[in-house]
Protein chains: 2
Amino acid sequence: MTAIRAALFDVFGTVVDWRGGIASSTRTWLDDHAPDRTDIDTGEFADRWRAKYQPSMQPIREGRREFTALDVLHRESLLELLDEYALPTDAAEELNRAWHRLPPWPDSVAGISAIRESVIVAPLSNGNISLLLDMAKNAGLPWDAILGAEVVRAYKPTPESYLRTAAVLDLSPDQCLMVATHNDDLAAARGCGLRTAFVRRPREHGPEQSSSEPTDDWNYVVDDLLELGVLLRQ
Amino acid sequence: MTAIRAALFDVFGTVVDWRGGIASSTRTWLDDHAPDRTDIDTGEFADRWRAKYQPSMQPIREGRREFTALDVLHRESLLELLDEYALPTDAAEELNRAWHRLPPWPDSVAGISAIRESVIVAPLSNGNISLLLDMAKNAGLPWDAILGAEVVRAYKPTPESYLRTAAVLDLSPDQCLMVATHNDDLAAARGCGLRTAFVRRPREHGPEQSSSEPTDDWNYVVDDLLELGVLLRQ
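Procedures and definitions
Residues numbered from 1 in each chain as written. Chains lettered and ligands numbered in written order. Predicted model: local features only at pLDDT ≥ 70, side-chain atom pairs only at ≥ 80, totals over all residues. Heavy atoms only, no water. Helix = DSSP H or I, 4+ residues; strand = E, 2+ residues; numbered from the N terminus. Rg over C-alpha atoms; globule rule 2.2 N^0.38 Å. Buried < 20%, exposed > 50% of the residue type's maximum accessible area, 1.4 Å probe, protein only. Contact = heavy atoms within 4.5 Å. Pairing = 2+ DSSP bridges. Buried area = accessible area lost by both parts, 1.4 Å probe. Salt bridge = Lys/Arg side-chain N within 4 Å of Asp/Glu carboxyl O. Polar contact = N/O pair within 3.5 Å; in protein donor to acceptor, adjacent residues only side chain to side chain.

Chain A has the name 2-haloacid dehalogenase in an unreviewed UniProt entry, where Rhodococcoides corynebacterioides is given as its organism.

Structure representation (structure tokens):
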């Protein structure tokens, strides 16, 4: 079996808590810009923003829109959402930056550090470079490189996003391990020949979520990134 | 004056000793593959390889060839050079990888670490991602991200190489500091609005080199990267 040389990480949900981070930043933003709007459930606000995420990339995946960084797509989605909530849009950019400051799960920094002792570690995220870089500086994520959609000009789960990332690393797909809590991301990566690791993140969708389970026989299935670090050293 | 947010580094000559590294790797390679060729001056071999560097990128800068990673250009140049020296080409790839293992100058790791306390640090090199990543892992260079020609699909000193790098960082050009020992690189960066730092590297071209001097009033002129780290903290 070919040795794994690089671990490539999905980020939103797998490495950082997007729902908790967006809900918390939205609460602060509402306090500053719409303090009377105590009716808003910020967890639901986060879910509704995130619900616009996959559709926003679809025209780009299908070649109907030129490659556009996720910050721009997030901003477009946010402007729609603020309109739906009848909230002011003039401070939208401040809230849009919340994606740059998402908090890591408790095991992420130590886990990625441990994995980095064995292999190259990099995000393979749909997040743009400045978003991932700000997040890494803020959270202390020890990436070797910032890879992902903006580097290869292709959004997951298109084959190009995985194959071009392996290519810029000068690795074959089977020397790369895709790490994610999303079965569809792993299925697409496996379809391109990458190895796969599923990380359970049972609170990605908030406290009501009941489970986070693999739906296929991924190469690794772990409860957190520290466990993956141990397995990759063996 | 706008605060500097990112220091972007030229790499070959500024951060690492390309001539010393290539000469040393060539000596080892000759011992293995052409032990009778004691006539070869490996410093001159390094110079002749490097002399093909700028011309190899020119068709890409001019749009006459599609973007091609530096590893490929280095390999093409090496095959020509081996032919000029009447050396065997079958182990060329092994020697081509010498660019991935170039040694840092004595102050580079500590200097970049110090600069990283103030601002984002990343290479803005013509080297491709895997070359810069392997070099960083091997030498311990603490980059926040691996940027450069392959990320922005443009070779220095085209304006696109500097401007697109600032853009992916979501910074204005004047929030970026180009750090190099080459006046022409700094002149092109300044032409795009970046700030500039000249680092003296009086041994870039080997022991016979007499000096390394700025030819313009760059924003900073320093003897090494530790000195630049001190200045950026002020």
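So much for the structure itself; the text now carries on.
Student: Go over the overall build of chain A, please, and point to the residues and values.
Tutor: For chain A, the helix and strand inventory stands at 11 helices and six strands. By the compact-globule yardstick of 17 Å for 234 residues, chain A fits well, its C-alpha radius of gyration being 18 Å. Dimensions of chain A along its principal axes, counting C-alpha atoms only, are 60 × 35 × 30 Å. When burial is assessed residue by residue, chain A has 59% of its 234 residues classed as buried. At a minimum sequence separation of 6, the contacts of chain A that also span at least 24 residues come to 66%.

Student: How would you summarise the pairing of strand β2 (residues 120-125) of chain B if you had to cite specific residues and measurements?
Tutor: Residues and elements named next belong to chain B. Among the six residues that make up β2, six are buried, leaving the element largely enclosed by the rest of the structure. Of the two faces of β2, both are covered, the one formed by Ile-120, Ala-122 and Leu-124 as well as the one formed by Val-121, Pro-123 and Ser-125. Sheet analysis places strand β1 (residues 6-9) next to β2, joined by four bridges and oriented parallel. Residue pairing for β2: Ala-6 is matched across the bridge by Ile-120. Bridge count between β2 and strand β3 (residues 147-148): two bridges; the pairing is parallel. Residue pairing for β3: Leu-124 is matched across the bridge by Leu-147.

Student: Break down the interface of chain B and chain A for me, with residues and values.
Tutor: Counting residues at the interface gives 19 residues for chain B and 19 residues for chain A. In total, about 1600 Å² of surface goes out of reach between chain B and chain A, with carbon and sulfur atoms giving 57% of it. The three residues of chain B that bury the most area against chain A are B:Leu133, B:Lys137 and B:Val168, which together make up 30% of that side's buried surface. On inspection of chain B and its partner chain A, the count reaches four salt bridges. With a closest N to O distance of 2.9 Å, B:Arg97 and A:Asp170 form a salt bridge. At the junction of chain B with chain A, the criterion picks out six residue pairs in polar contact (both at pLDDT 80 or more). For the side of chain B that touches chain A, the secondary structure elements donating two or more residues are α7 (129-139) and α8 (149-152) of chain B. Per-element tally for the side of chain B that touches chain A: the top contributor is α7(B), with four residues.

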